[in-house]
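Now for the letters of each chain:
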Amino acid sequence: KGTFDTFDVYDEENVFARKAADACFHSLTTDGYIITATCRPFQRRIECFNHLPVKVVEICEIGKEPNDKTPDRIYIVCLQKVSEKDTIEKELRKTIVEFDGSYRVA
């Protein structure tokens with residue numbers, strides 16, 4: 001988590017974050033998963049992987065305790081490595097988890 005968010009602070013073009021995504025990607029077998037957490041908008045995190053054959057499997061949005069000074073939301077993003085030939089689209093599932101432990105699927 002810290003790696004991708006840290007790169008975002010210094011690199012608006014995502015060059016370093018894409019290199020980190022490459023490293024994650026190359027360590028996976030086809031159908032393997034990459035799970036990352038971010039305080040940035042989840043769309044920004046997914047952009048790091050757009051150049052790779054991955055699909056977004058799930059995004060989990062985690063709320064915060066009232067009066068907490070940390071960012072409003074933390075996002076857990078789950079991506080799956082697919083083969084270059086894989087054209088099957090799976091439905092994206094977004095789960096929202098509140099601080100009190102309640103959750104819902106959006």
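Preceding this paragraph is the structure being described.
Starting from 1, residues in each chain are numbered consecutively following that chain's sequence as written. A pLDDT threshold of at least 70 governs which residues receive local features in this predicted model, and a stricter bar of 80 or more applies before side-chain atom pairs are shown or counted, although totals over entire chains, interfaces and linings include all residues. Working from all heavy atoms in the structure, the side-chain values ignore hydrogens and water.

As a further point, take the pairing of strand E3 (residues 74–81). Of all eight residues making up E3, six are buried, and the element is well covered by its neighbours. Pairing geometry for strand E1 (residues 33–38) and E3, over six bridges, is antiparallel. Paired with threonine 38 across the two strands is tyrosine 75, which belongs to E3. As paired elements, strand E2 (residues 54–62) and E3 share eight bridges and run antiparallel to each other. When the sheet's bridge partners are listed, glutamate 58 is paired in E3 with cysteine 78. Note on exposure labels: buried denotes an accessible area under 20% of the residue type's maximum, exposed denotes more than 50%, and partly exposed covers the range between, all computed with a 1.4 Å probe on protein chains only. Secondary structure is summarised from DSSP: a helix means a run of H or I of at least four residues, a strand means a run of E of at least two, and numbering begins at the N terminus for each. When DSSP finds at least two bridges between two strands, those strands are taken to pair.

A few words on unusual backbone geometry. If you check the backbone angles, aspartate 31 has positive phi at about 75° while not being a glycine. Within the secondary structure, aspartate 31 sits in the loop between helix H2 (15–26) and E1.

Turning next to the environment of asparagine 50. Tracing the chain through its elements places asparagine 50 in the loop between helix H3 (42–47) and E2. A residue is classified by how much of its surface remains accessible, and asparagine 50, at 53% relative accessible area, is exposed. For the pair formed by asparagine 50 and alanine 21, sequence separation is 29 residues and the distance between their alpha carbons is 9.6 Å.

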